[in-house]
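Architecture at a glance
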Amino acid sequence: MNDKSHEPVSRDKTTGAQPGGDGTEQRKSSGINRRAFLGTVATIGGVAMIGSGGLARASEDFSGYPNSYGLLTDLTACVGCRSCEAACNKENGLPKPETPFDDVSVFEKTRRPDAHAYTVVNRYENPKDKSMPIYRKVQCNHCKEPACASACPIHAYSKTPEGAVRYDENLCFGCRYCMIACPFGVPAYDYSSALEPKIVKCTMCYETRVKHGKITACAEACPAGAITFGKRDELIKIARNRIEKNPDKYVDHIYGEHEAGGTNWIYLSGVPFEQVGFPTNVPNKPPIELTKGFLSSVPLVFTIWPALFGMCYAAVRHQDEVCDEKVASQKKKEEGK
């Protein structure tokens, strides 16, 4: 963390814890640069084919950051108030929901995160006591070895040392491989931005809070102490201690401790996880481990070229944006004369 004196600590609420005037010259220059860039793609591809081994080995050696932060959601404590949804909405500047946060009719159907809500709370029937429903918060689980990052040919995803899986919309070119790769079905596509590809998901408040030494908005807002923020290793100890002290209250399993190689968002539940919508067929190995043998036998052209053309797309789009900004700036100057 940048400021060691403000490092996040485990927080458990239950215990208190240009010169052409019309842009012609800029457009011409951009076109020349595009051709030059495209002309280098074949060269890059050839070099990539010669030195392809390093690409696979880079992901093989990574197994997550050992001192990262995470969150523990205790489903037995969640009361379904949706304070976490409201806090997330405000933190990320999202539009107000069609159904107000205090309207319980939203629980009549199962929802998933989308462009208007990075996290949602769903309600499930409690097999132990039908008068006491179970509520489950859903969002990106921030895998230790994220499948979305492995699947993205343009590296629009990255894993931070603090634990968050970041997404860079400026690099994304809309292939949506991440949506297919995610074992939890989390990444959502913002279909309202068809001309500007964009995936949406929980950010773990990385840019606005975590990297500045603050806890996530949802953890801070939860009035029931159902969400605990802290170092992942400590959260696993807390979860295991709760299970040991209350064996009749919890199922003997910490969801996310091992699933998909481990996630930075983990869960406790009083009923089997499959009864509250968790996928239980997720292997313990990271998805990249399961595909290494297959990928090594796939002709490199099928894995390298999408990335190269993605790079082309990102570079060209960036050039256009810079060009447009210059043209707009020039016009303002001319209008001000």
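1. Regarding the sheet that holds strand β9 (residues 265-268)
Taken together, three strands build an open sheet; the order of strands is β8-β1-β9 and the sheet is mixed. The sheet is open, and its two borders are formed by β8 (227-231) and β9, each paired with just one other strand. This sheet shows a mean twist of 25° between the axes of neighbouring strands, independent of strand direction. One ladder, built from four bridges, connects strand β1 (residues 69-74) with β9; its direction is parallel. Residue aspartate 74 lies in a different strand from β9, and its bridge partner there is leucine 268.

2. Some points on the side chain of arginine 82
By the element assignment, arginine 82 lies in the loop between β1 and α3 (83-91). Using a relative accessible area of 3% as the deciding quantity, one classes arginine 82 as buried. Separated by 2.9 Å, the side chain of arginine 82 and the backbone oxygen of proline 100 make a polar contact.

3. Some remarks on the environment of alanine 217
Among the structural elements, alanine 217 can be located in helix α6 (residues 217-221). Along the sequence, alanine 217 and lysine 90 sit 127 residues apart, while their C-alpha atoms lie 8.9 Å from each other.

4. A word on the pattern of salt bridges
Applying the stated criterion across every chain yields a total of 11 salt bridges. Across the pair glutamate 207 and arginine 166 runs a salt bridge whose closest N-O atoms are separated by 2.8 Å. Highlighted residues: glutamate 207 in the loop between β7 (199-200) and α6 and arginine 166 in strand β5 (residues 165-167), separated in sequence by 41 residues. Residue classification places glutamate 207 among the partly exposed residues on the basis of a relative accessible area of 37%. You can call arginine 166 partly exposed: its relative accessible area is 33%. The salt bridge partner of lysine 198 is glutamate 169, with a shortest N-O separation of 3.9 Å. Taken as a pair, lysine 198 in the loop between β6 (188-189) and β7 and glutamate 169 in the loop between β5 and α5 (177-181) lie far apart in primary sequence, 29 residues in all. Classification of lysine 198 as partly exposed rests on a relative accessible area of 23%. Exposure remark for glutamate 169: the relative accessible area of 38% places this residue in the partly exposed category. Through salt bridges with shared partners, one network takes in Arg82, Glu85 and Arg111.

5. A few points about helix α7 (residues 232-245)
Given a rise of 1.5 Å per residue, 14 residues ought to cover 20 Å, and the 20 Å separating the end C-alpha atoms of α7 matches this to within 8%. Taken residue by residue, α7 has Arg232, Leu235, Ile236, Ala239, Arg242 and Ile243 as its buried positions. Angular distribution of buried residues about the axis of α7 spans 125°; they occupy a single face of the element. Those residues of α7 that are exposed and angled more than 90 degrees off the buried face are Lys237, Glu244 and Lys245.

Definitions and limits used
- Residues numbered from 1 in each chain as written.
- Predicted model: local features only at pLDDT ≥ 70, side-chain atom pairs only at ≥ 80, totals over all residues.
- Heavy atoms only, no water.
- Pairing = 2+ DSSP bridges.
- Helix = DSSP H or I, 4+ residues; strand = E, 2+ residues; numbered from the N terminus.
- Axes fitted to C-alpha atoms, helices over the stretch in contact; angles between N-to-C directions.
- Buried < 20%, exposed > 50% of the residue type's maximum accessible area, 1.4 Å probe, protein only.
- Polar contact = N/O pair within 3.5 Å; in protein donor to acceptor, adjacent residues only side chain to side chain.
- Salt bridge = Lys/Arg side-chain N within 4 Å of Asp/Glu carboxyl O.
- Expected span 1.5 Å × (residues − 1).
- Arc of directions from axis to C-beta.

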